[in-house]
Amino acid sequence: MEFGIVFWFLFGLVGIIIANYKGQSGCLMFGLCFILGPIGIAIQLLMPTNIRRKQRRLINKGEMKRCDACSELVIITATKCRYCGETLIYKPKVKSRLNKRK
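Described below are features of the structure shown in this document. (Residues numbered from 1 in each chain as written. Predicted model: local features only at pLDDT ≥ 70, side-chain atom pairs only at ≥ 80, totals over all residues. Heavy atoms only, no water.)

**Structural notes on the overall build of the protein**
Helix and strand content of the protein: four helices and two strands. Walking the protein from its N terminus toward its C terminus, one meets helices and strands in the order α-α-α-α-β-β. Within the protein, the proportion of its 102 residues that are buried is 23%. In the protein, the share of contacts with a sequence separation of at least 24, taken over all contacts with a separation of at least 6, comes to 32%. As displayed, the protein offers around 8,400 Å² of accessible surface, 63% of which is attributable to carbon and sulfur atoms. (Helix = DSSP H or I, 4+ residues; strand = E, 2+ residues; numbered from the N terminus. Buried < 20%, exposed > 50% of the residue type's maximum accessible area, 1.4 Å probe, protein only. Contact = heavy atoms within 4.5 Å. Areas by Shrake-Rupley, 256 points an atom, 1.4 Å probe, with all protein chains shown as cover.)

Right, here's the structure in full:
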(Lines give C-alpha, C1' and ligand atoms only; values in the text may rest on other atoms or scores of the structure.)
Protein backbone atom coordinates (compact mmCIF):
# COMPACT_ATOMS: atom_id res chain seq x y z
CA MET A 1 0.00 0.00 0.00
CA GLU A 2 2.74 2.47 0.91
CA PHE A 3 4.60 1.65 -2.29
CA GLY A 4 1.48 2.54 -4.29
CA ILE A 5 1.16 5.96 -2.64
CA VAL A 6 4.82 6.73 -3.33
CA PHE A 7 4.36 5.57 -6.92
CA TRP A 8 1.34 7.89 -7.46
CA PHE A 9 3.18 10.73 -5.72
CA LEU A 10 6.00 10.33 -8.26
CA PHE A 11 3.43 10.67 -11.06
CA GLY A 12 2.39 13.95 -9.44
CA LEU A 13 6.00 15.19 -9.35
CA VAL A 14 6.45 14.31 -13.01
CA GLY A 15 3.28 16.31 -13.65
CA ILE A 16 4.81 19.37 -11.94
CA ILE A 17 7.95 19.10 -14.08
CA ILE A 18 5.97 18.85 -17.30
CA ALA A 19 3.69 21.72 -16.22
CA ASN A 20 6.67 23.97 -15.53
CA TYR A 21 8.12 23.20 -18.94
CA LYS A 22 4.80 23.86 -20.71
CA GLY A 23 3.92 27.02 -18.75
CA GLN A 24 0.95 25.49 -16.94
CA SER A 25 -0.19 25.47 -13.31
CA GLY A 26 1.99 23.12 -11.28
CA CYS A 27 -0.56 22.53 -8.49
CA LEU A 28 -3.36 21.69 -10.88
CA MET A 29 -1.21 19.31 -12.90
CA PHE A 30 0.15 17.66 -9.73
CA GLY A 31 -3.43 16.91 -8.70
CA LEU A 32 -4.34 15.64 -12.16
CA CYS A 33 -1.32 13.34 -12.40
CA PHE A 34 -1.60 12.20 -8.77
CA ILE A 35 -5.24 11.19 -9.20
CA LEU A 36 -5.08 9.76 -12.73
CA GLY A 37 -1.46 8.52 -12.72
CA PRO A 38 -0.12 7.63 -16.17
CA ILE A 39 -3.38 8.70 -17.81
CA GLY A 40 -2.93 12.18 -16.26
CA ILE A 41 0.59 12.41 -17.66
CA ALA A 42 -0.67 11.40 -21.10
CA ILE A 43 -3.41 14.06 -20.93
CA GLN A 44 -0.88 16.67 -19.86
CA LEU A 45 1.52 15.79 -22.67
CA LEU A 46 -1.33 16.25 -25.17
CA MET A 47 -2.28 19.68 -23.78
CA PRO A 48 -0.91 22.71 -25.68
CA THR A 49 1.91 24.82 -24.28
CA ASN A 50 0.89 28.15 -22.76
CA ILE A 51 3.29 30.39 -24.71
CA ARG A 52 2.15 33.70 -23.20
CA ARG A 53 2.71 32.50 -19.64
CA LYS A 54 6.16 31.16 -20.55
CA GLN A 55 7.07 34.50 -22.14
CA ARG A 56 5.83 36.42 -19.09
CA ARG A 57 7.96 34.23 -16.81
CA LEU A 58 11.08 34.87 -18.90
CA ILE A 59 10.45 38.62 -18.84
CA ASN A 60 9.82 38.63 -15.09
CA LYS A 61 12.98 36.60 -14.45
CA GLY A 62 14.97 39.19 -16.37
CA GLU A 63 16.17 36.77 -19.05
CA MET A 64 14.20 38.24 -21.97
CA LYS A 65 12.66 41.57 -23.00
CA ARG A 66 10.45 42.85 -25.80
CA CYS A 67 11.86 44.80 -28.74
CA ASP A 68 10.57 48.39 -28.75
CA ALA A 69 10.05 48.37 -32.52
CA CYS A 70 8.45 44.98 -33.27
CA SER A 71 7.47 43.70 -29.77
CA GLU A 72 9.16 40.32 -30.33
CA LEU A 73 10.90 38.59 -27.43
CA VAL A 74 14.71 38.91 -27.45
CA ILE A 75 17.49 38.08 -24.98
CA ILE A 76 17.92 40.82 -22.36
CA THR A 77 21.57 41.52 -23.29
CA ALA A 78 20.95 41.65 -27.05
CA THR A 79 22.19 44.75 -28.85
CA LYS A 80 20.20 44.15 -32.02
CA CYS A 81 16.76 42.60 -32.56
CA ARG A 82 17.01 39.39 -34.56
CA TYR A 83 13.57 39.94 -36.09
CA CYS A 84 13.60 43.57 -37.27
CA GLY A 85 17.26 44.61 -36.91
CA GLU A 86 16.48 47.49 -34.52
CA THR A 87 19.33 48.56 -32.22
CA LEU A 88 18.47 47.79 -28.60
CA ILE A 89 19.71 49.47 -25.46
CA TYR A 90 20.55 47.25 -22.50
CA LYS A 91 18.99 48.69 -19.34
CA PRO A 92 19.79 46.62 -16.25
CA LYS A 93 17.01 46.60 -13.69
CA VAL A 94 17.80 48.65 -10.61
CA LYS A 95 15.97 47.85 -7.40
CA SER A 96 14.11 50.86 -6.05
CA ARG A 97 14.82 51.98 -2.52
CA LEU A 98 11.69 54.12 -2.37
CA ASN A 99 9.65 51.35 -0.78
CA LYS A 100 12.10 50.80 2.06
CA ARG A 101 10.96 51.98 5.48
CA LYS A 102 13.40 53.64 7.81
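**A few points about the packing of helix 2 (residues 26-36) against helix 3 (residues 38-46)**
At a closest axis distance of 5 Å, the pairing of helix 2 and helix 3 adopts a crossing angle of 140°. The angle between the axes of helix 2 and helix 3 places the two elements in the oblique class. Seen from helix 2, the contacting residues are M29, L32, C33 and L36; seen from helix 3, they are P38, I39, G40, I41, I43 and Q44. For the contact of helix 2 with helix 3, the residue count by class is eight nonpolar, two polar and no charged. (Axes fitted to C-alpha atoms, helices over the stretch in contact; angles between N-to-C directions. Parallel < 35°, antiparallel > 145°, perpendicular 65-115°, else oblique. Nonpolar A, V, L, I, M, F, W, Y, C, P; charged D, E, K, R; others polar.)

**Looking at helix 3**
Within helix 3, burial applies to G40, I41 and Q44. Along helix 3, the residues classed as buried sweep out an arc of 100° about the axis, all on the same side. Counted as exposed and oriented over 90 degrees from the buried face of helix 3: I39, L45 and L46. Next to the buried residues of helix 3 lie helix 1 (2-22) and helix 2. (Arc of directions from axis to C-beta.)

**Here we look at helix 2**
The residue sitting at the N-terminus of helix 2 and contributing the capping side-chain oxygen is S25; that oxygen lies 3.4 Å from the backbone nitrogen of L28. Following helix 2 by one or two positions, G37 adopts a phi angle in the positive range, close to 65°. (Polar contact = N/O pair within 3.5 Å; in protein donor to acceptor, adjacent residues only side chain to side chain.)

**With respect to the packing of aromatic side chains**
To describe a pair of aromatic rings, one takes the distance between the centres and the angle between the planes. Scanning the model with the defined rule gives four aromatic pairs in all. Ring centres 5.7 Å apart and planes at 75° place the aromatic pair F9 and F30 in the edge-to-face group. Separated by 21 residues along the polypeptide, F9 in helix 1 and F30 in helix 2 bring together distant segments of the chain. On the basis of relative accessibility, which here comes to 41%, the residue F9 falls in the partly exposed class. According to the relative accessible area criterion, F30 is partly exposed, its value standing at 22%. Taken together, F7, W8 and F11 form an aromatic cluster joined through their ring pairs. The ring centre of Y21 lies 4.8 Å from the NZ or CZ of K54, which sits over that ring. (Phe/Tyr/Trp six-rings, centres within 6.5 Å; stacked < 30°, edge-to-face > 60°. Lys NZ or Arg CZ within 6 Å of the ring centre and 35° of its normal.)

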